[in-house]
Amino acid sequence: MTQARPAATASAPLLERERELGAVVAAVEALCADEAASGGVLVVRGEAGLGKTALLSEARRIAEARGCKVWTARGAETLRSVPFHVVRQLLQPALVSLTEDEARQYLDDWYDIAGPALGIAEPGGSHADPQAVCDGMVEAVRRLATAEWPLVLLIDDAHWADQETLHWLADFAERLEDLAVLVIVARRPGDVGGASAGHLDRITAVGRPVGTLSRLTPDAAADLTRARLGRRADDAFCREVWAVTNGNPYEAVELLAKVKESGIEPVEAEAAELRELNRAARGGGLVARLEELGIDATRFAWAAAILGTGISVDLAAQLATMQRRDALRCAELLRSARILTSPDASDGSAADGDLEFMHPLIATDVYNSIPPGMCTAMHGIAAQIVTDSGRGAAAASRHLLQVHPDDDQEVVAQLRDAAREHLAVGAPDAARRCLERALKEPPHPRAHAQVLYELGCATLLTAPATTIGHLRAALSMSGLDENTRVDAVCRLSQALMHNDQLEDAVRTVEDEAARQEPGPARMRLQAVQYMWEGIHAGQSSSPGRSERLARLARGCTGRDNSERALLILRGFDAMTHGENAEEVVELCDRALVNGRLAPGLGWTDTEWGIEPLMMLASSYAYTDRLDRAESLFNEALRAYEGAGWSGGHLSLAHAYLGLGHRRRGRLREAEKSLRESLRHAERVGRGLPLYWSATCNLVDTLLARGHVDEAWAVSVQYGFGPPYPSTIVLPDPHSVRGRLLLAVGRTKDAINELEAAEKEASVRGHHNPVMVPWAVDLAGALATEDPSRAAGLVADLRRRAERFGTDTAIGESLRCAASLETGRRAVELARQAVAYLEASPCQYEHAAARVEYGIAARSVSELKRGLALARSCGADGLAEQALTALKAENGQG
C-alpha cells in the first residue's frame, strides 16, 4: 500500500527489543568481518503495529554505521497484484546508477531474461519462462552484490509482497551460502495464502528467526510516555496509555503525538481523554480527522491511497481533479497531520514519488475509508492516467482489476494487452488475473472464445486442470478461426497429458481430427494423437495402430512439419518395437532439413512442444547414432538456456543430455547432468514424468559406476519405485529398478520386478532389448534356480537383438549369453561380444565386455585394456573388478 522506507517512519524507542537487536548486531558484525563469509536471513515476525518497521529502521542505522550498503523495500497491500514490484524497489538504487551497457555487462546472458522483469529492458515477443526469470533475478542480485559488499537487504511487510518477488526471495535465500549478503525480512504471522504462503515458508525455513515481537509491558509504555511527554507524566496516566493502546507501540506513538498536539496534561485527571484521542488515530477516527482537514485534503489523500506507489503531487492532483496549487496545499496539510510524509531519498530509491504515507496502517485505513463507488471510479481514472502517461497496459491493469464490469470492450482490449505484457516478463499469474477480469466485462461474443483461449495458454504451464476448463469452454463457442481452433485442441490435449489424463488427451485430438477434412490441420491432429499414444505407458500394444501410423508416414516426404512430426513418431514407434535400426534412422533423417531441425519444429517452438524432439533424439540414442542424439540434446540445452527457459524444460534437457552421456559411457558427466536435472525437477514438483526421467537415469548411471549404496539412497530419497508414471520413461524404470534390487541382494524382489517389466513390454510390444533391458538381468537372476528358462530368455534376446541389428544390442546379447556358459563356449561368446561392442559407441558396455572376456580367457592384456576403459568411463566398480582379476592373474604368474 505504501512505499515508506524504514528510516522515514516515526517510531517508538526500541523498548524491550534487546534480544532482537542483539541478533541484528551479531549478524551485521559477522557480515562485515569477512568478505568470504556466508550470507544469511533474519526473519522478524509481529502483528500490525508491534514495531517491525522500527526494528528494520534501527537495523539500517546499525548496518550503515558499520559501513554497509543498505537496500530497502516494502510490500504494499493494494500492490500485491503488481508483479516484481518489491524486488524492483529493492534493486532500484543499484539499477538506476547503471547505463544500459553497464547493466548488460553485469548481467551478461541474463540481461534479456531478467532485464524486462526488473524494468531495465524491453520484453521480447514470446512468453518468458517464470522460473528462468526468477533464476535470472537471483543471478542479477548475486552479481550486483559482489560489487557492494557488505550489503544488507531490508524487506518490510513481506506478507504483502507480490508473488513474483517472494518466489525470487525464496530462491535467493536458499543460495546465500557462498554470498556475503544479509537479508532481514519483516512479516506478519499468517495474512497470506496460496503460492505466496509457500514462498514465505521457504524463506522462514532457511532464515534465523529473530523472534515474534511482543506487546509493550506497562513499564515500557511508561518509559515511552515519559520519553515523549516528559517526566511529569504520572503513573496513572502512563498506565492508561498502556491500557488504551493494549501495548501496541505504533498506536502508543500516535496517541502520544495527539496528546502533545492537544496540550493535554499527562496526569491522572486528564487520562479519561486518552480513549477518544486514540480513536482519532485509526479507522473511523482517522476518517474524521481527514474530514476536519476539508474535502480537498480528503480527496487528495484518497488519490494518494489509490496510486499507492510513485505518489507525485501532479499525479495525485490529476486523480483528485484539482489544480496543482491546491494539491500542494493539501499535501502540506496531510504532512502536518502525520498522514503523508516525504520519502527518504538518501539512497535514490524514492525518486519516482514526492510523497508516501507515514505508516502502512494509515495507508490501509485511508484506502478502506474511500466509499466503494468512489474507489471504483478513481481506479478507473487512475487507469486512464497511467495509460496516458505511457507506462503501458500492465501498469494500468492493477487499477482496471478494481473497476466494475460494464461491457466496455476497450477495457477488455487493455486487459488482454496487459496479459501479453505480463507473460512477456514471466508473470503468468498476473496475466491470468487480467484475462479472468476481462471475461467478467464480458468480451464481445466474437472475442469471448479468443479470451478463453488466451487464458488457457497463460495457465498451461502453471495450472493444467484450470487450463482444461478454459480451453474446453473456448472450443464450445464460435469465434476461433480454424488454425486457432486446432491449436486450442492441441494445447488442450497437452494440458490433459500434464494432468495425467492421457486417454482423454488421445480422444480429444482423435475426435477433432475426425471432423477435419484431409489436409495439414488434420495431419497435425493425427500426429499429436499418435504422439500421446506413443508415450502412454498404459497403452496396450496395437498392431493396427502401428500399421496405421506406418501407412500414414509412408506417404510423407517431410514437406511440412506435420509430415516431419509423423516421420519422427513412426521412427520412435519402430525403435520401441525393435524394428530394424537402419530403417528407424532413415525415418528420422527424413524428418530433418539438411540434417537439422526444421524451422517451427525447434526446441523452443510451442506449436509442437518438446515431445516429438525428445522422441527423435531418443530414437537416435538407442540406434547407436549417439553423435546425432548428443547434438540434439546439446542443442536443447543451449536453446533453453539462451531463451531463459528453466524449470521443466531445462530439467528434461539435462536429463536427456545425461542419457546421452550414459549411452556414450561418460558416466561422470552423466551423473553431473542428471543431478542438475534433478535440481531443476525438484523446483517443478515431484511425480511428473520429467522427475522420473532424471531419477531413473541417475540410478542407472550410479549402478554402472558401481556406486550401489548411493544408487539405493537416491531411489529412497526420490521415491524411485512403483507405482510408475503413465508416460514412457527411458530407460525402462522396471528394468532399472530390478537391476538395483539385484545389486543390493534382494534377488526375489528383483525377479518380480523384472518379470513385471517383461509383462509390460510384451503388452506394449516394446521389443527393443537396449531400451527395455529386463531380459539380461532376469536371465542372470534365474541362471541357477531355473537354467532352462534363463537359456530361453537368452535365445529370445539374441533373436530380438539381431532383428534390431545394432552393434550394442547384439554385443549385449552375447555378453548375456556368455555369462550363462562356462569353459571355451563362454570364452568364445565373450570374444564375440567384445568384437561387436568395440564397434559400438557405448564405451561402458565395451569396457564391461573387455573385463568379462579377460576374466573368462584369463588374459592379462584384455584385463588391462578393460581396466583402462573402465577408468576412462568412470566405472569405479568395474575398474575394481578388473584390478582384482589382474592381481589374481599376476599372483598366479
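First things first, this report covers the structure right here in the doc. Given the structure is predicted, the values throughout are model-derived calculations rather than measurements. (Residues numbered from 1 in each chain as written. Predicted model: local features only at pLDDT ≥ 70, side-chain atom pairs only at ≥ 80, totals over all residues. Heavy atoms only, no water.)

**A word on the pattern of salt bridges**
Argument step 1. Tallied over the full model, the rule gives 62 salt bridges.
Argument step 2. The shortest N-O distance in the salt bridge between arginine 664 and glutamate 630 comes to 2.8 Å. With arginine 664 in helix α32 (residues 648-664) and glutamate 630 in helix α31 (residues 626-643), this residue pair connects regions lying 34 residues apart in the sequence.
Argument step 3. Residue glutamate 630 is classed as buried on the basis of its relative accessible area, which comes to 9%. (Salt bridge = Lys/Arg side-chain N within 4 Å of Asp/Glu carboxyl O. Helix = DSSP H or I, 4+ residues; strand = E, 2+ residues; numbered from the N terminus. Buried < 20%, exposed > 50% of the residue type's maximum accessible area, 1.4 Å probe, protein only.)

**Some words on unusual backbone geometry**
Argument step 1. With omega at -10 degrees, the peptide bond leading from tryptophan 149 into proline 150 counts as cis.
Argument step 2. Tracing the backbone through its elements, the reader meets proline 150 in the loop between α6 (130-146) and β3 (151-156).
Argument step 3. Geometrically, the link from proline 722 to proline 723 is a cis peptide bond, its omega value of 0 degrees lying close to zero.
Argument step 4. Along the chain, proline 723 turns up in the loop between α35 (708-717) and α36 (733-743).
Argument step 5. Even without being a glycine, threonine 321 presents a positive backbone phi close to 50 degrees.
Argument step 6. Its location among the elements puts threonine 321 in the loop between α15 (313-320) and α16 (324-336).

**Re the packing of α36 against helix α37 (residues 747-764)**
Argument step 1. Two numbers describe how α36 lies on α37: the axes approach to 8 Å, and their chain directions differ by 165 degrees. As the angle between them shows, α36 and α37 are arranged roughly antiparallel. For the element pair α36 and α37, the recorded crossing hand is left-handed. Contact residues: α36 offers His734, Ser735, Arg737, Gly738, Arg739, Leu741 and Leu742, while α37 offers Thr747, Asp749, Ala750, Glu753, Leu754, Ala756, Ala757 and Glu760.
Argument step 2. Grouping the amino acids of the contact of α36 with α37 by side-chain chemistry returns six nonpolar, four polar and five charged. (Axes fitted to C-alpha atoms, helices over the stretch in contact; angles between N-to-C directions. Parallel < 35°, antiparallel > 145°, perpendicular 65-115°, else oblique. Left-handed = near helix turned anticlockwise from the far one by under 90°. Contact = heavy atoms within 4.5 Å. Nonpolar A, V, L, I, M, F, W, Y, C, P; charged D, E, K, R; others polar.)

**Things to note about the packing of aromatic side chains**
Centre distance and the angle of the planes are the two values used to describe a pair of aromatic rings.
Argument step 1. Counted according to the given criterion, the structure contains six aromatic pairs.
Argument step 2. Aromatic pair tryptophan 168 and phenylalanine 172: ring centres 5.3 Å apart, planes at 15 degrees, arrangement stacked. In this pair, tryptophan 168 and phenylalanine 172 both sit in helix α7 (residues 163-173), four residues apart, roughly one turn of the helix. A single burial state applies to tryptophan 168 and to phenylalanine 172, both of which are buried.
Argument step 3. An aromatic cluster is built from Trp692, Phe720 and Tyr724, whose rings are joined through pairwise contacts.
Argument step 4. The aromatic ring of tryptophan 608 is capped on one face by arginine 524, whose charged end is 5.7 Å from the ring centroid. (Phe/Tyr/Trp six-rings, centres within 6.5 Å; stacked < 30°, edge-to-face > 60°. Lys NZ or Arg CZ within 6 Å of the ring centre and 35° of its normal.)

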